[in-house]
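A look at the structure
One-letter residues, chain by chain:
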Amino acid sequence: MAPKKSTIVLNVEQFIKDVEVRPAIWNRNFHCNKAFLEQMWDELSTEHSLPSEVYVLDDGGEVDLDLGNYERFLDITLHRDNNITTGKIYKLVIEKERTGEYLGKTVQVVPHITDAIQEWVERVAENPVHGTSKPDVCVVELGGTIGDIEGMPFVEAFRQFQFRVKRENFCVAHVSLVPSPRSTGEPKTKPTQSSVRELRGFGLSPDLIVCRSEKPIGLEVKEKISNFCHVAPGQVICIHDLSSIYHVPLLMEQNGVIEFLNERLQLNIQPRKREKCLQQWKDLAHRSETLRKEVVIAVVGKYTKLEDSYASVVKSLQHASLAAGYKLNLKFIEACHLEQATRDNAPSKYHEAWHLLVNCDGVLVPGGFGSRGMEGKIIACHFCRKKKIPFLGICLGLQAAVIEYARNVLNLKDANTTENDTSTANPVVIDMPEHHTGIMGGTMRLGKRTTYFSDEYSTIKQLYGNPKTIDERHRHRYEVNPDYVPQLEKHGMKFVGYDESKRRMEIIELKDHPYYVATQYHPEYLSRPLKPSPPFLGFILASVKRLNNYIARGCRLSPRQLSDASSDEEEVNVGNIFKNLKINGKLSPVTIPNNLQLNGHISSGASTSASDSDCNTTTVHLNGHIENGYVEIGALNKDITSVSMLS
């Protein structure tokens, strides 16, 4: 009898072993083979083992990546209580019942669960998220789909909440998809009508309906939604797919969202303050659209089939690329595809992975857990170190870099991490005292911790502004074995950052390399669109060969770098212009670039020479901007009378 299409295999790993023992029987009965099952097992064990990124907050809270989006866009600091889950609410209610707070009453969803949700929101809304002042507005995202059983207690809680806080303090924005079938191209409003009808049936009426669509919807569609959903046409907002996410705040502002909320919630937002805030987003959105030059970055990871696994890393790279004036071209490389085993079993994947690696401008090795792909990450670290490719390692990336260095520089061929080999003779990476092998949850080193810089000069320290300490967020179970640190430093690996005990290594850096930096912490969690993370910014600048110039300018980007307004040939380092210019009697013939004028009379791009008398009163004018009241012009043998800027 032929197998049904709905057959489900629960134990795929055991199924593969059975196929190996009796392949003919399995192939005849199930019409599949071992290769197909191995592919399915690989997808189950990799793609579905980490659905999305775990975002870490200052206090060590492990939350959904949506909290990271709120932190990045609003530039605020959230806490674990900002993440409300059904499990937390039920646990809170059960604990209250156990301590007798309900006086023996039967605990029910209404009112006990719904009251707990409302009290949680009111309590958390008072917590500062920026400085010490209390927030003016609390945004609550009720995830899922209206009608889902998981969200019903929350819907009922907010139905009650609107009367608790009064109408002028409560606003509902309902987000709905407006699909446009390719066959007709006509936007369909039925899904929106249905969801709004169900939402109103639960006692919540939307004040704003935000329609997500592939293309902009017309006025007729808005009026139709308005008529059937009991809202004014101006309260129907369309957010269609845009070229950059940074255009979304501007699109919402164009649709009058700020005016509506300002009036609805009586916020009294000052126009000047609003314009100043929006101008930053306008500049960022404009910059993202006008960039022409590209930087190619390879991410060598374990979970590349699902890009959300590295959401914060990708966002941080985008922030740094925009700040540097480059468009990010991201290439994901499956770490195990760089290994010798892949070359033997799947040569095409092996050569494709190496082709991507050798043609990138920089390589980033992100965090992760487990043994799969570890050797591929170590190979990537070795490639970057030997070929002088800019490299940034994060968490497991630092551990891979240390293992690679121990194997190939210290000649400890069996160096490894105890996570993958508990019996290794040279455990250069070991588990921490906090780690408990039997309990996985909450046993990592989590949250914001202080890192102390060493006194010696380091590139990463300069990128942070030359401080003595920094605070960054952590999430790891393993760390560099302090017993091997002296030996590693003796052979050239510098540990420039560590904790207060100087036993836990936080940052490594290699000298005589364009940029070889790895951090045990996760700098991506504190990166912001308008304030990129220093390790990521240094990494991108090194990848485009501008890091040295950036540090020489006091870690400031030039206006030319920010705007990307000129080609590489037009970018002029003032120090290089004058390094061969001698003013001790005679001025050697020199080619004047487009943005340099001598004595105010030299035309753009001209070649000239000056007499002895000319050299005594040389005035150099540079088009552009002057920062902090001076211009760095390199070492001269004679003082220049004046240096001024043309606006």
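Sequence order as written defines the numbering, with residues in each chain counted from 1. Given that this is a predicted model, residues contribute local features only at a pLDDT of at least 70 and side-chain atom pairs are listed and counted only at 80 or more, while totals for whole chains, interfaces and linings are drawn from all residues. Each side-chain value is derived from all of the structure's non-hydrogen atoms; neither hydrogens nor water enter the calculation.

With respect to the overall build of the protein chain
Which entries qualify depends on this criterion: Secondary structure elements are defined from DSSP: runs of H or I of at least 4 residues count as helices, runs of E of at least 2 residues count as strands, and each element is numbered from the N terminus. Burial here depends on accessible area, computed with a 1.4 Å probe over protein chains only, as a share of the maximum for the residue type. Under 20% is buried, over 50% is exposed, and the range in between is partly exposed. What makes two residues a contact is simply this: any of their non-hydrogen atoms within 4.5 Å. We get accessible surface area from the Shrake-Rupley algorithm with a probe of 1.4 Å; when it comes to residues, only the shown protein chains can shield them.
The helix and strand inventory of the protein chain stands at 24 helices and 22 strands. Here the protein chain, with 647 residues, has 45% of them falling under the buried criterion. Here the analysis covers contacts within the protein chain between residues at least 6 apart in sequence; of these, 65% occur between residues at least 24 apart. Per element, the accessible surface of the protein chain, about 33,800 Å² overall, is 51% carbon and sulfur.

What to know about the sheet that holds strand β14 (residues 478–480)
Strand pairing within a sheet occurs via backbone hydrogen bonds; the two strands may be parallel or antiparallel. We apply this condition: Two strands form a pair only when DSSP identifies at least two bridges running between them. In this description, a line fitted to the C-alpha atoms serves as the axis of each element, helices being fitted only across the stretch in contact, and the angle between N-to-C directions of two axes falls anywhere from 0 to 180 degrees.
Pairing in this open sheet of three strands is mixed, and the strands run β10-β11-β14 from one edge to the other. Only two strands of the sheet have a single partner each, and these edge strands are β10 (415–417) and β14. On average, adjacent strands in this sheet sit at an angle of 30° to one another, irrespective of strand direction. As paired elements, strand β11 (residues 426–431) and β14 share three bridges and run antiparallel to each other. Bridged to Val 429 within β14 is Val 480. Contacts from helix α17 (residues 396–408) reach β10, β11 and β14, with the element oriented near 165° to β10.

Let's talk about the packing of aromatic side chains
Filter applied, for reference: Note on aromatic contacts: the rings of Phe and Tyr and the six-membered ring of Trp form a pair at centre separations within 6.5 Å, being stacked when their planes are under 30 degrees apart, edge-to-face when over 60 apart, and tilted otherwise. Charge over a ring is defined by NZ of Lys or CZ of Arg lying within 6 Å of the ring centre and within 35 degrees of the ring normal.
Counted according to the given criterion, the structure contains 13 aromatic pairs. Plain terms: the ring middles of Phe 391 and Tyr 516 are 4.5 Å apart, the flat faces sit at 25° to each other, and that makes the pair stacked. Here Phe 391 is found in strand β9 (residues 391–394), whereas its partner Tyr 516 is found in strand β17 (residues 516–519), with 125 residues between them in sequence. You can call Phe 391 buried: its relative accessible area is 0%. Judged by relative accessible area, Tyr 516 falls into the buried class, the value being 1%. The rings of Phe 73, Tyr 246 and Trp 281 are connected pair by pair, giving a single aromatic cluster. In this structure, Arg 123 packs its charged tip against the face of Trp 120, placed 4.9 Å from the ring centre.

Remarks on the pattern of salt bridges
Note the threshold: Salt-bridge detection follows one rule: a side-chain nitrogen of Lys or Arg within 4 Å of a carboxyl oxygen of Asp or Glu.
Scanning the model with the defined rule gives 26 salt bridges in all. The partner of Glu 62 in a salt bridge is Arg 475, with the nearest N and O atoms 2.8 Å apart. Taken together, the residues span a long stretch of sequence, with Glu 62 in strand β2 (residues 62–63) and Arg 475 in strand β13 (residues 469–476) at a distance of 413 residues. According to the relative accessible area criterion, Glu 62 is partly exposed, its value standing at 33%. Among the ionic pairs, Arg 445 bridges to Glu 506, the shortest N-O distance being 3.0 Å. Of this pair, Arg 445 sits in strand β12 (residues 445–453) while Glu 506 sits in strand β16 (residues 505–510); the two residues are 61 residues apart in sequence, bridging distant segments of the chain. Arg 445 sits in the buried class, given a relative accessible area of 4%. Connected through salt bridges with shared partners, the residues Asp 58, Glu 71, Asp 75, Lys 448, Arg 473, Arg 528 and Lys 531 form a single ionic network.

Side note on the environment of Glu 53
The cut-off we apply is this: A 3.5 Å cut-off defines polar contacts: any pair of N or O atoms within that distance qualifies, except that in protein one atom must be a possible hydrogen donor and the other a possible acceptor, and neighbouring residues in sequence count only when both atoms are side-chain atoms.
Its location among the elements puts Glu 53 in the loop between α3 (34–46) and β1 (55–56). Each C-alpha atom, one on Glu 53 and one on Asp 66, is 9.6 Å from the other, the two residues being 13 residues apart in sequence. Here Glu 53 is in contact with Val 63, Leu 65, Asp 308, Ser 309, Tyr 310, Ala 311, Ser 312, Val 313 and Tyr 525, once residues within four sequence places are set aside. At a separation of 2.8 Å, a polar atom in the side chain of Glu 53 contacts the side chain of Ser 312.

Quick word on the packing of helix α16 (residues 374–387) against α17
As a reminder, the rule being used: In these notes the angle categories are as follows: under 35 degrees is roughly parallel, over 145 is roughly antiparallel, 65 to 115 is roughly perpendicular, and the rest is oblique. Each crossing gets its handedness from the near helix: less than a right angle anticlockwise from the far helix is left-handed, clockwise is right-handed. Residues were grouped as follows: Ala, Val, Leu, Ile, Met, Phe, Trp, Tyr, Cys and Pro as nonpolar; Asp, Glu, Lys and Arg as charged; and all remaining residues, including Gly, as polar.
It is at 8 Å that the axes of α16 and α17 come closest, and there the two elements cross at 70°. Classified by the angle their axes make, α16 and α17 are roughly perpendicular. Considering the relative orientation of α16 and α17, their crossing is right-handed. Contacts between α16 and α17 involve Met 374, Glu 375, Lys 377, Ile 378, Cys 381, His 382 and Arg 385 from the first element and Leu 396, Gly 397, Gln 399, Ala 400, Ala 401, Ile 403, Glu 404, Tyr 405, Arg 407 and Asn 408 from the second. Here the contact of α16 with α17 is composed, by residue class, of eight nonpolar, four polar and five charged.

Some remarks on helix α7 (residues 152–165)
Defined as follows: To estimate the expected span of a helix, subtract one from its residue number and multiply by 1.5 Å.
The first and last C-alpha atoms of α7 sit 20 Å apart over 14 residues, in line with the 20 Å expected at 1.5 Å per residue. The inward-facing, buried residues of α7 abut α5 (86–98) and α6 (109–124). Just downstream of α7 lies Lys 166, where phi reads positive at about 80°.

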